[in-house]
Amino acid sequence: MDKAQQDALKKAAGIEAAKLVEDGMIAGLGTGSTVRFLVDELGRRVQEEGLRFTGVTTSRRTQEQAEGYGITIVDVDDVDRIDVTIDGADEVDRNFNGIKGGGAALLWEKIVATNSDKIVWIVDESKVVDTIGAFPLPVEVIPFGAGHVIKRFEDRGYKPVLRKTADGKEVRTDENNFVVDLHLGRIDHPQDLAEDLINTVGVVEHGLFLNMVDTVIIGDPHGPRILSNSNK
Ligand SMILES: O=C[C@H](O)[C@H](O)[C@H](O)COP(=O)(O)O
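Residues numbered from 1 in each chain as written. Predicted model: local features only at pLDDT ≥ 70, side-chain atom pairs only at ≥ 80, totals over all residues. Heavy atoms only, no water.

The name an unreviewed UniProt entry gives the protein is Ribose-5-phosphate isomerase A, with Bifidobacterium actinocoloniiforme DSM 22766 as the organism. UniProt's Sequence similarities (unreviewed entry) comment on the protein is quoted here verbatim: "Belongs to the ribose 5-phosphate isomerase family." What UniProt states about the protein under its Function (unreviewed entry) heading is, verbatim, "Catalyzes the reversible conversion of ribose-5-phosphate to ribulose 5-phosphate." (UniProt positions renumbered as here; feature names shortened; annotations may be inferred.)

Comments concerning the packing of aromatic side chains
One pass over the structure, following the stated rule, counts two aromatic pairs. Judged by centre distance (5.9 Å) and plane angle (45 degrees), the ring pair of Phe153 and Tyr158 falls under tilted. With a relative accessible area of 0%, Phe153 lands in the buried category. Residue classification places Tyr158 among the buried positions, given a relative accessible area of 12%. Positioned above the aromatic ring of Phe209, the side-chain terminus of Lys100 is 5.6 Å from the ring centre. Sitting over the face of the ring of Phe209, Lys110 holds its NZ or CZ atom 4.8 Å from the ring centroid. (Phe/Tyr/Trp six-rings, centres within 6.5 Å; stacked < 30°, edge-to-face > 60°. Buried < 20%, exposed > 50% of the residue type's maximum accessible area, 1.4 Å probe, protein only. Lys NZ or Arg CZ within 6 Å of the ring centre and 35° of its normal.)

Some details on the sheet that holds strand S10 (residues 178-182)
If you trace the four strands from one edge of the open sheet to the other, you get S9-S10-S8-S11, paired in antiparallel fashion. Of all strands in the sheet, those with a lone pairing partner are strand S9 (160-162) and strand S11 (203-206), marking the two edges. The average angle at which neighbouring strand axes cross in this sheet is 30 degrees, direction not considered. Where S9 meets S10, three bridges bridge the pair, whose relative direction is antiparallel. From the neighbouring strand, Pro160 faces S10, where its bridge partner is Leu182. Of the strands in this sheet, strand S8 (137-141), S10 and S11 are in contact with helix H6 (residues 190-198), which crosses S11 at around 160 degrees. (Pairing = 2+ DSSP bridges. Helix = DSSP H or I, 4+ residues; strand = E, 2+ residues; numbered from the N terminus. Axes fitted to C-alpha atoms, helices over the stretch in contact; angles between N-to-C directions. Contact = heavy atoms within 4.5 Å.)

Regarding the UniProt feature "active site" (unreviewed entry) in the protein
Per the UniProt record, "active site" (unreviewed entry) is found at Glu109. With respect to the helices and strands, the residue Glu109 is situated in helix H4 (residues 106-114). Once residues within four sequence positions are removed from consideration, Glu109 is found in contact with Gly30, Thr31, Thr58, Asp87, Lys100, Gly101 and Phe209.

Quick notes on helix H2 (residues 33-49)
In this model H2 runs 24 Å from its N-terminal to its C-terminal C-alpha over 17 residues, within 8% of the 24 Å that 1.5 Å per residue would give. Those residues of H2 not exposed but buried are Thr34, Val35, Leu38, Val39, Glu41, Leu42, Gly43, Arg45 and Val46. Next to the buried residues of H2 lie helix H1 (3-18), strand S1 (26-29), helix H3 (60-68), strand S4 (82-87) and strand S7 (116-124). Positive backbone phi, approximately 75 degrees, marks Gly50, located one or two places after H2. (Expected span 1.5 Å × (residues − 1).)

Here we look at unusual backbone geometry
Located in the positive-phi region is Phe96, a residue other than glycine, with phi close to 65 degrees. Unlike most non-glycine residues, Lys159 shows phi in positive territory, near 50 degrees. Within the secondary structure layout, Lys159 lies in the loop between helix H5 (146-155) and S9.

Regarding the pairing of S8
Of all five residues in S8, five are buried; the element is thus mostly enclosed. Of the two faces of S8, the one carrying Leu137, Val139 and Val141 and the one carrying Pro138 and Glu140 are both buried. Both S8 and S10 contribute to a ladder of five bridges, which runs antiparallel. Bridge assignment links Glu140 to a residue of S10, and that residue is Val179. Note that S8 and S11 share three bridges and pair antiparallel. Its bridge partner being in S11, Glu140 is matched across the sheet by Glu205.

Thoughts on the packing of H2 against H3
Closest axis-to-axis distance for the H2/H3 pair is 9 Å, and the angle between their directions is 25 degrees. By the angle between their directions, the pair H2 and H3 is classed as roughly parallel. As H2 packs across H3, the resulting crossing turns out to be right-handed. Counting all contacts with H2, which are made through Val35, Arg36, Val39, Asp40 and Gln47, the residues of H3 involved are Thr62, Gln65, Ala66 and Gly68. (Parallel < 35°, antiparallel > 145°, perpendicular 65-115°, else oblique. Left-handed = near helix turned anticlockwise from the far one by under 90°.)

Shown next, in the form of structure tokens:
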């Protein structure tokens, strides 16, 4: 699939998901190239159809885009509950286990997701996999002592790589932390790995989102497909 085809599928999933946002709702808005299409469509509905909703964003990038359309954005701590959060994902398997954080927004995304009544992911079909882990697993790490955390990951065979920008600087998250990508190839026991990572001092959060999502909207050349998680 070339980039134009993939973008068309992402856009189709984003437009489909935008239908879930109704007047008066509080909606969580994820981060990434797929979510950009979602926010474009919500912005169109705000401007052309008079849709009125309140957004809670998972990154400064999404906040800027949404506010550019006149969408009202509030802090996650200003709401009791979020009705629905719509976000992208890097991989998702048939058990609704996924990897997120390719855009370094996993920490705020997980906080917003855990305070949402319903979680929806929008992906193109290439992201639906049998076993997660081909996509390097992002882990958000505090800069102080990050070298030791990376060494610990190396000792465990996790093949860590500190994420850098094109000009060689460490990538910083919206919380000013580092991102370490684990090149695992496949993750057969995601729950065990999640526990190991979160119990490592210096790790703030990891990109494993296990059985959290309610609905996955997949951009498919034949039209968006919807997978519903009945085991949550
Ligand atoms: O940190 C970024 C997020 O988890 C994204 O939702 C994820 O990386 C998918 O992004 P994209 O839609 O650009 O593939």
